[in-house]
Amino acid sequence: MAKVKIIGEQPLHGAINISGAKNSALPILAAAVLLDGESIISNVPQLTDITTMVRMLRSINILAEQSGGKIRIVNKKQVKHLIPYELVTKMRASFFIAGPILAKVGMVRVPMPGGCAIGSRPVDIHLKGFQALGAVVSLEHGFIEIRCKKLKGGQVNFPFPSVGATENIMMAATLAEGVTTIANAAREPEIVDLADLLNEAGANISGAGSSTIVITGVSALHGVKHAVIPDRIEAGTMLLAGLITRGQITVNNVRPADISALLSVLSETGARFEIENNSITAALGARWRGAQVVTQPYPGFPTDMQAQLMAYLALAEGASTVRETIFENRFMHIGELQRMGARIRAEERTAIIEGVAGLSGAEVKATDLRAGAALWLAGLAAQGETTIYGVEHIERGYEKLTEKLSALGARIKRIN
Ligand code: EPZ
């Protein structure tokens, strides 16, 4: 089993380029089902989840070839409506492809996405959205079957601003007859990126990035060339790597506005930032202070930064609290951080953190990709050697991680 070894206490210095956003590239690749002809998607991070999505496209008759950060897609033949079981269970995000196939083919059979480490993660909001557009949903033998000859635009009211459901319904509605309004839509930058791609392809979407998105159906969409936006979660995680090691790093190719909630929390703890138009330099004077943080849908503090922030707050002067409101079970990293000397306890969905002066390296296990990030952040700061198992989780979300961190002075290596 592959693992990552880190010798801690090396302040990181220098600049790195942030990769394209995984959580924008994935729905954008799913949207390729809707686009007739050839599309070129660039600035795509080379991650296992992306490879899975490329395999998914091929499995339903779409030509998809990846070379470096570019993916060429040709959608000419009849798209198949059955999504392979082993791909959906590998990655929940593959469920995003249901909407495009339904809109394109009039039917889709998709295995129930497996739960994953951070909670059951149902798809009820997606399914109610498809029903609001006239689809009939049935569940049998572990499969979800969604049928509708021609989707009809309608009012879709979300009980929760689900990112995936917003993307799935927005994509399906582009080819529906008439106007669809999504109320209480998610507002993440990745949703705006997806809407931009769809509009470039001939769709008629307004309001992406706000809580109300209006989609006027069109008859067809054509191929596009599109560059994926930078990964705001990688940017935030790398800034934390500079701060937690008391170094000073600059992240390039970022959009500072996408991580303003994180930057304001970190400023509260004493971090200082220099912001240019697409780069951010982070530094600390003395030891940082604790903070009180609650994860929220965008533009609030992102749940995908919660584990990483906890590693940083474990070394703060004083106490902190972190409340996780998005997922019901996203505290698995606490046990592993405790093994490195962190003083954290969880009360329901709130973690109480007593800052300690130092952490000590240990053998730890990553349970999901952001918990893995918390562990390598802690390992970079800890005294001695940290070995992290579950590298496949870590590599789902961070392109060329060991190369990027080594270039900043980290003593890190991947061992097969
Ligand atoms: C997206 O997941 C991201 N994944 C997640 O990032 C991110 O944590 C999440 O949004 C929240 O920001 C991708 O974009 C590929 P949700 P998604 O639907 O769409 C519940 C990472 O680290 N819910 O907004 O699955 C759900 O159980 C990943 O890169 C329902 O109850 O998130 C969860 O508690 C992890 N019913 C909450 O809503 C539904 O039909 C948020 O889910 C859908 C969701």
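Note that the structure is predicted; figures quoted are calculated from it, not measured.

Criteria and cut-off values
The residue numbers shown here count from 1 along each chain, following its written sequence. Confidence filtering applies because this is a predicted model: local features only for residues at pLDDT of at least 70, side-chain atom pairs given and counted only at 80 or more, and all residues used for totals across whole chains, interfaces and linings. No hydrogens and no water enter the side-chain calculation; it runs on all heavy atoms of the structure. Criterion used throughout: strands pair if DSSP finds at least two bridges between them. Each helix is a run of DSSP H or I of at least 4 residues and each strand a run of E of at least 2, with the numbering of both proceeding from the N terminus. Whenever a helix is involved, its axis is fitted only over the stretch in contact; in every case the axis is a line through C-alpha atoms, and angles between N-to-C directions fall within 0 to 180 degrees. Throughout, a contact is declared for two residues whenever any of their heavy atoms are within 4.5 Å. Only buried residues count toward a nonpolar core, which is a set of Ala, Val, Leu, Ile, Met, Phe, Trp, Tyr and Cys residues joined through side-chain atoms within 4.5 Å. Accessible area is worked out with a 1.4 Å probe on protein chains only. A residue is then buried under 20% of its type maximum, exposed over 50%, and partly exposed in between. Segmentation of the chain into domains, including their bounds, is taken from an automatic or database domain assignment. Accessible area that two parts lose when put together, with a 1.4 Å probe and added across both, is what the buried area reports. Every case where a carboxyl oxygen of Asp or Glu lies within 4 Å of a side-chain nitrogen of Lys or Arg is listed as a salt bridge. What qualifies as a polar contact is a pair of N or O atoms within 3.5 Å, subject to a donor-acceptor requirement within protein and to the restriction that residues adjacent in sequence count only when both atoms come from side chains.

Points about the sheet that holds strand E19 (residues 319-323)
Then comes step 1: Reading across the sheet, the four strands line up as E18-E19-E21-E20 and stay open at both edges, with mixed pairing between neighbours. Two strands bound the open sheet, and with one partner strand each, they are strand E18 (292-294) and strand E20 (343-347). Recorded for the sheet is a direction-independent mean angle of 15° between the axes of neighbouring strands.
Then comes step 2: Here helix H10 (residues 306-313) sits on the sheet and contacts E18, E19, E20 and strand E21 (350-354); the angle it forms with E19, its principal contact strand, is near 170°.

Notes on the nonpolar core
Then comes step 1: Counting 77 residues, the largest nonpolar core has Ile97, Met170 and Leu198 as its most contacted members.
Then comes step 2: Ignoring sequence-local partners within four residues, the contact set of leucine 198 consists of Ala31, Leu34, Met170, Met171, Thr174, Ala203, Ile205 and Leu221.
Then comes step 3: In terms of nonpolar packing, the next biggest core, distinct from the first, is built from 73 residues, Ile16, Ala311, Val356 and Leu369 among them.

So, the domain arrangement of the protein chain
Interface extent is often summarised as the accessible area lost during association of the parts.
Then comes step 1: Taken as a whole, the protein chain is organised into domain 1 (3-19 + 230-415) and domain 2 (22-227).
Then comes step 2: Between the C-alpha centres of domain 1 and domain 2 there is a distance of 30 Å.
Then comes step 3: Contacts between the two partners involve 26 residues from domain 1, matched on the other side by 22 residues from domain 2.
Then comes step 4: Carbon and sulfur atoms supply 52% of the area buried between domain 1 and domain 2, which totals about 1,800 Å² over both sides.
Then comes step 5: For the domain 1 face of the interface with domain 2, the top three residues by lost area are Tyr298, Arg396 and Glu399, together amounting to 31%.
Then comes step 6: Linking domain 1 to domain 2 there are two salt bridges.
Then comes step 7: A salt bridge links arginine 396 to aspartate 49; the shortest N-O distance between them is 2.9 Å.
Then comes step 8: There are five residue pairs in polar contact (both at pLDDT 80 or more) connecting domain 1 and domain 2.
Then comes step 9: At the level of secondary structure, the elements contributing two or more residues to the side of domain 1 that touches domain 2 comprise helix H12 (369-381) and helix H13 (391-397).
Then comes step 10: When residues in the side of domain 1 that touches domain 2 are grouped by element, the largest group, three residues, is from H13.

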